[in-house]
Amino acid sequence: MRAGDNLYTCSILALESRDREAKWYFQFTPHDTHDWDATETNVLVNATFQGKMRHLILHADRNAFFYVLDRDTGEFLMGKPFAKQTWAKALTTAAVPC
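Thresholds, definitions, all that
Residues numbered from 1 in each chain as written. Predicted model: local features only at pLDDT ≥ 70, side-chain atom pairs only at ≥ 80, totals over all residues. Heavy atoms only, no water. Core = buried A, V, L, I, M, F, W, Y, C linked by side-chain atoms within 4.5 Å. Buried < 20%, exposed > 50% of the residue type's maximum accessible area, 1.4 Å probe, protein only. Helix = DSSP H or I, 4+ residues; strand = E, 2+ residues; numbered from the N terminus. Salt bridge = Lys/Arg side-chain N within 4 Å of Asp/Glu carboxyl O. pLDDT = per-residue confidence, 0-100.

Moving on: the nonpolar core. Side chains that are nonpolar tend, in soluble globular proteins, to be buried together. One finds Ile 12, Ala 14, Trp 24, Phe 26, Phe 28, Ile 57, Phe 65, Tyr 67, Leu 69, Phe 76, Ala 88 and Leu 91 forming the largest nonpolar core, which totals twelve residues. Listing elements by their share of this core, those giving two or more residues are strand S1 (11-15), strand S2 (22-27) and strand S5 (65-70). Sorting elements by how many residues they give to this core places S5 first, with three residues.

Glancing now at the pattern of salt bridges. Summed over the entire model, instances satisfying the criterion amount to three salt bridges. In this structure, the salt-bridge partner of Glu 16 is Arg 18, at a minimum N-O distance of 2.8 Å. Residue class for Glu 16 comes out partly exposed when judged on its relative accessible area of 23%.

Attention now moves to the confidence of the model for the protein. The pLDDT averaged across the protein works out to 83; a share of 80% of its residues lies at or above 70. When pLDDT is averaged over each helix and strand of the protein, the minimum, 49, is found for strand S7 (residues 96-97) and the maximum, 97, for strand S3 (residues 43-49).

In structure tokens:
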């Protein structure tokens with residue numbers, strides 16, 4: 001067991017394409033002790049979400065939550081369980097700018 005969030009484990013890391021600088025990251029399972037490595041394929045869509053056109057990432061994670069993120073900013077828009085899980089009651093996290 002390691003202390004802390006184990007930064008970038010179970011995460012999406014957005015890089016600027018020109019210079020490869022880190023833009024933002026979103027960690028699906030901070031301090032993952034269950035080997036939920038977030039290796040699922042991300043689905044990229046352009047869609048209206050809550051009345052606003054956005055570039056989105058849709059991600060069904062091994063932690064049993066389905067996530068919707070804004071892929072330009074990393075903003076957490078939604079997280080809903082899609083299978084039985086007991087590790088979290090709700091999600092209230094946000095992406096962290098680098």
